[in-house]
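Observations on the three-dimensional arrangement
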Amino acid sequence: MSPVPERSAGTGLSHPLVERLRAAAPILTVPVLMLLALPATGDPSAWVTLTLAGLAMGMMIFVMASGLTLVFGLMDVLNFGHGAFVSIGAFVGASVMLWLSGLLDPGGVTLHLAAILPAMIAAMVVTGALGVGFEKIIIRPVYGQHLKQILITMGGLIVAEQLIYVFWGPDEIPLPRPDALRGALVFGDVAVEKYRLFAVVLGLAIFLAMHLLLARTKIGLLIRAGVENGEMVEALGYRIKRLFVGVFVVGSALAGLGGVMWGLYQEVITAQMGMEIMVLVFIVVIIGGLGSVEGCFLGALLVGLMANYTGFLVPKLALGSNIFLMVLILMWRPQGLIPVAKR
Amino acid sequence: MSEPLLTLDGVHTHIGHYHILQGVDFSVPRGGLTMLIGRNGAGKTTTMRTIMGLWRASRGAITLDGRDITGLATPDIAQANVAYVPEDMGIFSDLTVRENMILAARDGEPKDDRLRWIFRLFPALEKFWSLEAGALSGGQKQMLAIARAMIEPRKLLLVDEPTKGLAPAIVGALIEAFGELKKTDTTILLVEQNFHFARALGDDVVVMDDGRIVHRGLMADLAADEELQQNLLGLSLEMHQ
Ligand SMILES: Nc1ncnc2c1ncn2[C@@H]1O[C@H](COP(=O)(O)OP(=O)(O)OP(=O)(O)O)[C@@H](O)[C@H]1O
Ligand SMILES: [Mg+2]
């Protein structure tokens, strides 16, 4: 056998700076995309608006996608039903917001600001609880069987959509944002939309919390170890299925929260919104590297930015551009931006 | 003599449609080191995985310390105080050396004196304590895998081919480490192809072929009997001398 090569050997050109750049390359994709868009949009104030819109959209997609990537990483489960939690979260959140707003501000035309937090919590509690049942009834019987997983989780999604029709009727529900989250803060000729700022801050907070959990706590270490080699985690004496159920439930709750955020962003919700957004969510999970929360975060920002830049420049290509982005990134890094070690 | 710590009684294991273990019988005496040797494909790894509950025995019984563990889930077997070092080492390469050790220590933070003992045996682990385990060399990964299994006192240690692909100097370090472990109460079942290593450490020896046990005895007796070695293991030993 030939000796194992040293990490940095073999490139010949290897230089500490080159190495550092290579390690940082996935993170640099986000600023690079922003910089490329600057000359393309032409107008700096439009660029700021689009960039913020892209980051906000990216953060919301990250909130919806983060659970999905871990669910796949940990148990190789392909959950096409994840979008159901997005829609259900949005409808539960909307019901709570409309009801509370009616109490707090009878006759008001918009939602009440104080109704938003309880609505988000309610959406997360309900979708988290549904996640428990979904895992038990739909996912558990098909562990390790990908084709069946795809079929049955899609079935779960369709059932959930129909249940939304049963409970909330077939019409879309308008969700006028409260005045405090409407309009923009204006700095010179740059307008920063308040709700987008709010979404960025909330998404960033969730990412940081997840990052700390995964990096600093024993549960987090177990999740990361389980993504790489679940068998070894079990051989060390931990029950990976219990860990998986926990991750599935948190992922479902976050999808529900993402649904509320997305609904407030669009100011309208429909039963199909979960299924529609799932196309982008899957692109994000694949771009990021299956099982990687950091990769998912970067992927979500790229997809959000790309959707907004092309939506402005060539509206017809908005979705196509993200598929193009995915192909490009996979050609460069076939395992995604931040591949996780997998046995 | 007291009753053996681990006993396999007529164990059969199927993997898919293949009938791999075909009635494996042997026992591992308490406190010693039992070597499990045999040709490539004899079923050594399958035996270890079956004991660990990673494959399910389709027939037969596995008894640990008087308790029937056949069919228990892997985490339950681990919690019966068994540590396992798989053939591929099972290192978590995205985690640091330290984080790998933290997960191996089920009862909380690794104890200081235990860590000092491990660092004395494997100084590289102290040096690379905060490095991602994926960046370690092959030998260092093997040391980490064994160190994980030693971080808390265990009743039984299952180690699958620790010398695979390692340079002689590192094999020497492993011999020393297992020598130290043998001084503790831990019972060890070790799969090995390297006869030099097996002879240096084994108290008892079990030889496998084609999914069955073909010889049981003292390591010293087998080491002294070249003809028996030839019969049982053929040329495979020579190649690993
Ligand atoms: N996952 C599997 N699927 C099918 N057959 C398997 C599987 N794992 C092992 N086998 C077969 O079982 C037999 C025993 O394999 P095992 O890995 O237990 O041998 P071993 O004694 O550990 O060999 P080595 O010395 O090469 O590690 C082999 O014939 C092997 O091909
Ligand atoms: Mg083997």
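Counting restarts for each chain: residues are numbered from 1 in the order of the written sequence. Chain labels run from A onward and ligand labels from 1 onward, assigned in the order the entries are written. Thresholds applied to this predicted model are a pLDDT of at least 70 for local features of residues and 80 or more for the giving and counting of side-chain atom pairs; totals over whole chains, interfaces and linings are not thresholded and use all residues. To obtain the side-chain values, all non-hydrogen atoms of the structure were included, while hydrogens and water were left out.

Here we come to the coordination of the magnesium ion (ligand 2). Donor criterion used throughout: N, O or S atom within 2.8 Å of the metal, extended to 3.2 Å for Na, K and Ca. Water excluded; incomplete-looking sites may result. Distances from the magnesium ion (ligand 2) to its protein donors, namely T45 of chain B (OG1), E87 of chain B (OE) and E87 of chain B (OE), fall within the range 1.9 to 2.8 Å. With T45 of chain B in helix α1 (residues 44-51) and E87 of chain B in the loop between β6 (82-85) and α3 (97-104), this residue pair connects regions lying 42 residues apart in the sequence. In this text, helices come from DSSP runs of H or I with a minimum length of four residues, and strands from runs of E with a minimum of two, each type numbered from the N-terminal end.

On to the site of ligand 1, then. All names here are of chain B. In these notes, residues near a molecule or strand are those with any non-hydrogen atom within 4 Å of it. Around ligand 1 sit 15 residues in total, of which K44, T45, T46, E87 and Q193 are the nearest. In this structure, an oxygen atom belonging to ligand 1 sits 2.8 Å away from a side-chain N or O atom of K44. Here an oxygen atom of ligand 1 sits 2.7 Å away from a polar atom, N or O, in the side chain of T45. Calculation on ligand 1 without its partners gives an accessible area of 630 Å², and the protein chains cover 63% of this total. Broken down by secondary-structure element, the contributors of at least two residues to the shell around ligand 1 are β2 (18-28) and α1. Among the elements that take part in the shell around ligand 1, α1 stands out by supplying three residues, more than any other. In protein, a polar contact requires one atom able to donate a hydrogen and another able to accept it; more generally it is a pair of N or O atoms within 3.5 Å, and residues adjacent in sequence count only if both atoms are side-chain atoms. Surface exposure here means Shrake-Rupley accessible area, sampled with a 1.4 Å probe, where a residue is shielded only by the protein chains that are shown.

Residue and element names in this part refer to chain A. Patch membership is restricted to residues that have no salt bridge and whose relative accessible area is over 30%. Joining uses 9 Å for like charges and 5 Å for the nonpolar side chains Val, Leu, Ile, Met, Phe, Trp and Tyr. Salt bridges are counted wherever a side-chain nitrogen of Lys or Arg sits within 4 Å of a carboxyl oxygen of Asp or Glu. Among the surface-exposed residues, V279, L319, I323, F324, V327, L328 and M331 lie close enough to one another that they form a single nonpolar patch of about 650 Å² accessible area. Examining the composition of the nonpolar patch, we find that six residues originate from one element, helix α11 (residues 318-332), more than from any other. With respect to the helices and strands, the residue I323 is situated in helix α11. Three exposure classes are used, based on accessible area relative to the maximum for each residue type with a 1.4 Å probe and protein chains only: buried under 20%, partly exposed in between, and exposed over 50%. Judged by relative accessible area, which is 39%, I323 ranks as partly exposed.

Attention now goes to a negative patch on the surface. Residues and elements named next belong to chain B. Taken together, the side chains of D221, D225, E226 and E227 make up a negatively charged region of the molecular surface. Structurally, E227 can be placed in helix α10 (residues 226-233). Under the relative-accessibility criterion, E227 is labelled exposed at 60%. Asp and Glu are treated as the negative residues and Lys and Arg as the positive ones, with His and the ends of the chain left uncounted. To locate a charge, take NZ of a lysine, CZ of an arginine, CG of an aspartate or CD of a glutamate.

Residue-level confidence of the predictor is what pLDDT reports, using numbers from 0 through 100. Of all residues in chain A, 96% attain a pLDDT of 70 or more, and the chain-wide mean is 91. Predicted confidence is poor over residues 1-12 of chain A, with pLDDT under 50, and the contacts of this stretch with residues over four places away or in other chains come to five contacts. The contact criterion used is simple: two residues touch if any of their non-hydrogen atoms lie within 4.5 Å.

Attention now goes to the sheet that holds strand β4 (residues 57-64) of chain B. All names here are of chain B. In this analysis, strands are considered paired if DSSP registers two or more bridges between them. Pairing is antiparallel across the open sheet formed by four strands, whose spatial order is β2-β1-β4-β5. Of all the strands in the sheet, the pair left with one neighbour each is β2 and β5 (67-68). Relative to β5, β4 runs antiparallel, the two sharing two bridges. Considered in β5, the bridge of T63 is made with D68. Contacts from α1 reach β1 (6-15), β2 and β4, with the element oriented near 110 degrees to β1. Interaxial angles span 0 to 180 degrees and are taken between N-to-C directions of axes, which are lines fitted to C-alpha atoms, for helices over the stretch in contact.

So, about the domain arrangement of chain B. Residue and element names in this part refer to chain B. Each domain of chain B was delimited in the assignment, giving domain 1 (4-81 + 153-239) and domain 2 (91-152). Both faces considered, domain 1 and domain 2 share a buried interface measuring about 1400 Å² in area, 66% of it formed by carbon and sulfur atoms. Buried area counts how much accessible surface, traced with a 1.4 Å probe, disappears from two parts once they are put together, with both parts' losses summed. Counting the surface domain 1 buries against domain 2, the share from its top three residues, P153, R154 and E180, is 35%. Here domain 1 is connected to domain 2 by one salt bridge. At the junction of domain 1 and domain 2, the tally comes to five residue pairs in polar contact (both at pLDDT 80 or more). Looking at the side of domain 1 that touches domain 2, the elements that each hand over two or more residues are α2 (74-79) and α7 (168-182). In terms of residue count, α7 provides more of the side of domain 1 that touches domain 2 than any other element does, seven residues in total. Each residue gets one label: Ala, Val, Leu, Ile, Met, Phe, Trp, Tyr, Cys and Pro are nonpolar, Asp, Glu, Lys and Arg are charged, and the others, such as Gly, are polar. Here the side of domain 1 that touches domain 2 is built from residues that sort into 10 nonpolar, three polar and four charged. The start and end points of each domain follow an automatic or database-based domain assignment.

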